[in-house]
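Analysis of the macromolecular model
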Amino acid sequence: MSQAEQLTYPAVDPDAIESSALWIASHPVTRVRIDSLVLDDSPRLAGEDQAHVRALAEAGDCLPPIVVHRPTLRVIDGAHRVRAAQVNGRSEIAARLLDCDRAAAFVLAVRANVTHGMPLSRADRTAAAARIVRAYPRWSDRAVAAAAGLSDKTVSRIRVCSGAGDSTPCETRLGRDGRVRPLDSAQRRRHAAAILLDLPHAGLREVARATGLSPATVRDVRRRIDRGEDPVPVRYRAPGPVAGDPTANRPRPPAAPARAERSAVPVDRHKLLARLGEDPSLRLNEAGRRALRWLHHYSVDGGDTETLHRGLPGHWSPEVADLARSCAAVWSELAAQLQQRTL
């Protein structure tokens, strides 16, 4: 490894990768000699595509600048453009030079080839994800998925199958928003539940600081306790009884009556919306009109979701899933409040 490659740089985080396009665009464009550039370490397992090189060569000088790792002069983004410039007999090419470490440069290369240009194959993205997990074992599956253009479930399987990150076990993961979260939150949820049972009026942020959870997770724990449910969702629970569970022998509020489960009954959405729209008590006041707008714009049925699922590109799946869950949580809270009014 050269002296330039041994330089250290500030640690890269998922949030910086997410905004990498803006960061790269902030660097000035300069001219570099093509014979000084290094074209190895590409995320493309099969190398450059010659047909794509010829197509770019025909485009002439209208191509955007390439992106280069300044310490080593490795091409981060634009290997096909470099080959096209060579085909056209040029000795220099426009480039933006970045200062970062080798691992960050690779992530940027993957990210660039996921979001524009000739897309990476699934095999390329899978291999890239495994390498990113090895380089950044504390990154969450969603953070790696966003960089590699895969789903978080795929990254989770890659992490397990390849054993990536096993040499550096950790109890936390760094999310795409730059926040550190516990890898296994089950025990922390039970700790939060014990605090909330002892101190029912404790603030969400206060309990979050005491347990290492997010305020949103503490809110979910509180709602589960209020409904008489286990504070740990099924997907986070270990099989069998939990030793030392601080909430195991605590009295819990009774579960909500069966009537609160009316939301499971199928609803003729179009017929119900038409009936609601005819009611003057809704149409003649602002709150009612707002409710009607919400119900018309944000209610969906199974056919709608299937169409959306098929039409969305895979690399946006984690973001849209997060948004859908967020909207579902708001609607669920509204449904619970409305059900309480009918009890």
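Anything mentioned here points back to the structure above.
Presented here is a report on the structure given in the accompanying data block. Keep in mind the model is a prediction, meaning the values are calculated, not measured.

**Some words on the sheet that holds strand S3 (residues 74-77)**
- Taking strand neighbours across the sheet as the criterion, the 4 strands line up as S1-S4-S2-S3 in an open arrangement whose pairing is mixed. With one partner strand each, in any of the chains shown, strand S1 (29-33) and S3 form the two edges of the open sheet. Taken pair by pair, the neighbouring strands of this sheet meet at an average axis angle of 55 degrees, ignoring direction.
- Pairing of S1 with strand S4 (residues 92-98) involves 5 bridges; the strand directions are antiparallel. Looking at the pairing, Arg31 lines up with Ala94 of S4.

**What about the packing of aromatic side chains?**
- A full pass over the atoms with the stated rule returns 1 aromatic pair.
- Relative to Trp139, the ring of Tyr136 has its centre 4.5 Å away and its plane inclined at 15 degrees; by these criteria the two rings are stacked.
- Judged by relative accessible area, Tyr136 falls into the buried class, the value being 12%.
- Across from the ring centre of Phe106, 3.8 Å away, lies the NZ or CZ of Arg131, which sits over that ring.

**A word on the packing of helix H3 (residues 50-59) against helix H4 (residues 79-87)**
- Between H3 and H4, the least distance of the axes is 8 Å, while the angle of their chain directions is 65 degrees. Between H3 and H4 the crossing geometry is right-handed. Side by side, H3 and H4 meet where His52, Val53, Leu56 and Ala57 of the first sit next to His80, Arg81, Arg83, Ala84 and Val87 of the second.
- Of the residues in the contact of H3 with H4, the class split is 5 nonpolar, 2 polar and 2 charged.

**Looking at the pairing of S4**
- For S4, a buried count of 5 out of 7 residues is recorded, marking the element as mostly surrounded by other parts of the structure.
- Note that strand S2 (residues 66-69) and S4 share 4 bridges and pair parallel. Within the sheet, the bridge partner assigned to Val67 lies in S4 and is Arg96.

**Details of a nonpolar patch on the surface**
- Taken together, Leu308, Leu312, Trp316 and Val320 make up a surface patch of nonpolar side chains, about 360 Å² in accessible area.
- Among the structural elements, Leu312 can be located in the loop between helix H15 (302-311) and helix H16 (317-341).

Parameters and conventions
- Residues numbered from 1 in each chain as written.
- Predicted model: local features only at pLDDT ≥ 70, side-chain atom pairs only at ≥ 80, totals over all residues.
- Heavy atoms only, no water.
- Pairing = 2+ DSSP bridges.
- Helix = DSSP H or I, 4+ residues; strand = E, 2+ residues; numbered from the N terminus.
- Axes fitted to C-alpha atoms, helices over the stretch in contact; angles between N-to-C directions.
- Phe/Tyr/Trp six-rings, centres within 6.5 Å; stacked < 30°, edge-to-face > 60°.
- Buried < 20%, exposed > 50% of the residue type's maximum accessible area, 1.4 Å probe, protein only.
- Lys NZ or Arg CZ within 6 Å of the ring centre and 35° of its normal.
- Left-handed = near helix turned anticlockwise from the far one by under 90°.
- Contact = heavy atoms within 4.5 Å.
- Nonpolar A, V, L, I, M, F, W, Y, C, P; charged D, E, K, R; others polar.
- Patch = residues over 30% accessible without salt bridge, like charges linked within 9 Å, V, L, I, M, F, W, Y side chains within 5 Å.
- Areas by Shrake-Rupley, 256 points an atom, 1.4 Å probe, with all protein chains shown as cover.
- Salt bridge = Lys/Arg side-chain N within 4 Å of Asp/Glu carboxyl O.

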